[in-house]
Structure formats: C-alpha cells, structure tokens
Amino acid sequence: MNNYGIAAIKIFIASLSLITYGELSPLMKTGSPACGVIVNSMLWMPLSILLAYIIAPIILLMINNYISYTLLSGISILRVIIELGGFLPPTSLRVAIVPLYVMAMFLSLTLAVENLSSRIRGEILRLEWSQF
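What you are looking at is a predicted structure, and each value in this text was computed from that prediction instead of being measured.

Caption draft 1: View of the pattern of salt bridges. Under the definition given, this model contains 3 salt bridges. Put simply, arginine 79 and glutamate 83 hold a salt bridge, and the shortest N to O gap is 3.0 Å. Here glutamate 83 and arginine 79 lie together in helix H4 (residues 66-85), a separation of 4 residues that amounts to about one turn. Accessibility classification places arginine 79 together with glutamate 83 in one group, the buried group. Note that arginine 121 is salt-bridged to glutamate 114, the shortest N-O span being 3.7 Å.

Caption draft 2: Region of interest: the nonpolar core. With 18 residues, the main nonpolar core has Ile13, Leu61 and Leu111 as its most contacted residues. Contributing elements (two or more residues each) for this core: helix H1 (3-24), helix H3 (44-63), H4 and helix H5 (92-130). Residue contributions to this core peak at 6 residues, all from H5.

Caption draft 3: Representation of H5. For H5, which comprises 39 residues, the first-to-last C-alpha distance of 58 Å matches the rise-based estimate of 57 Å (1.5 Å per residue) to within 8%. In the structure, H5 departs most strongly from a straight axis at valine 98, where the bend amounts to approximately 30° and where the proline proline 99 lies between one and four residues downstream. Those residues of H5 that sit buried are Arg94, Ile97, Val98, Tyr101, Ala104, Met105, Ser108, Leu111, Ala112, Glu114 and Asn115.

Caption draft 4: Layout of the environment of isoleucine 6. When you line up the elements, isoleucine 6 lands in helix H1. Note: C-alpha distance between isoleucine 6 and leucine 107 (101 residues apart in sequence) is 9.3 Å. Among all residues touching isoleucine 6, those that are not within four sequence positions of it are Met1, Leu111 and Glu114.

Caption draft 5: Representation of unusual backbone geometry in the model. Phi is positive for asparagine 64, close to 60°, though the residue is something other than glycine. Inspection of the secondary structure puts asparagine 64 in the loop between H3 and H4.

Caption draft 6: Expanded view of H4. If you check H4, its first and last C-alpha atoms are 28 Å apart, about what 20 residues at 1.5 Å a residue would give, namely 28 Å. Burial in H4 covers these residues: Ser68, Tyr69, Leu72, Ser73, Ile75, Ser76, Arg79, Val80 and Glu83. Across the axial projection of H4, the buried residues extend over an arc of 160°, all falling on one side. Where H4 begins, the side chain of asparagine 65 points an oxygen toward the backbone nitrogen of isoleucine 67, at a separation of 3.2 Å. Downstream of H4 by a residue or two, glycine 86 has a phi angle that is positive, lying close to 80°.

Caption draft 7: Main features of the packing of aromatic side chains. Scanning all chains against the criterion turns up 0 aromatic pairs. Above the ring of tyrosine 53, the side-chain terminus of arginine 79 is found at 5.2 Å from the ring centroid.

The rules behind these values
- Residues numbered from 1 in each chain as written.
- Predicted model: local features only at pLDDT ≥ 70, side-chain atom pairs only at ≥ 80, totals over all residues.
- Heavy atoms only, no water.
- Salt bridge = Lys/Arg side-chain N within 4 Å of Asp/Glu carboxyl O.
- Helix = DSSP H or I, 4+ residues; strand = E, 2+ residues; numbered from the N terminus.
- Buried < 20%, exposed > 50% of the residue type's maximum accessible area, 1.4 Å probe, protein only.
- Core = buried A, V, L, I, M, F, W, Y, C linked by side-chain atoms within 4.5 Å.
- Expected span 1.5 Å × (residues − 1).
- Bend = angle between axes of the 7 residues up to and from the residue.
- Contact = heavy atoms within 4.5 Å.
- Arc of directions from axis to C-beta.
- Polar contact = N/O pair within 3.5 Å; in protein donor to acceptor, adjacent residues only side chain to side chain.
- Phe/Tyr/Trp six-rings, centres within 6.5 Å; stacked < 30°, edge-to-face > 60°.
- Lys NZ or Arg CZ within 6 Å of the ring centre and 35° of its normal.

Spelled out as structure tokens, the structure:
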C-alpha cells in the first residue's frame, strides 16, 4: 500500500474520532438529562467516553505501531458492541456511525498488517545484505 492510502486511512479514523466528539459531547456534561439517564451523573462515564473514543484513537494513530493499530481495532469493535447492545440512548447519528466503526476496525487491521509486513520486509532485506 502506498503512503497516500495509509494517510487516507489515518485521516478517516481521526475524523471518525472527531465526529464521535461532536456526537457524544452532550453526554459529557454532567448536568445533561442523557447523562442522568445513563449513569446518574457519575463523572467516570464522560471521562471514559472521552478517553476511549476521542483521545485514544488519535494517540494510537500517532504511535504508528502494529500493536497500537490492533488496539485501535479493538476499540472500534467495542464501540460497535456498545452501540448494538443499546448501552447508550439511540440517535440517528449513532445508528449511522456503526458501519463506519466496522469499516474503521477493518482499516486499522489493514494498517497493522501493513506495518508488520514493512518491518518483515526490512528484516529480510537486512538479512540478504548481511550475507555479503
């Protein structure tokens, strides 16, 4: 995969994280009625949503490691499970975002495979040159 494809995948995942921020920002207010319905105004729920779905994907993309891409895939599948399980109040945007998270899961696995294959190619090339 060329560098433009990798950059496009990273931009897609980062923009999905920013869409999630816009979608979940009403839940992050402790006085909002949606937050009262979900967790009775506990502070850990808005903070965990902020960390898991907004900050963590961007940090994991900047790490640029196959392990971080695999963790990003796990975060995406966890979001799909949360949305399909009905743990958050359903809205039309959340229903539309589930296929995007499924696609983000497959794209982050693609990034993980690409990163790992580039490391393996580098090791093979290094071993071939060390024979001389």
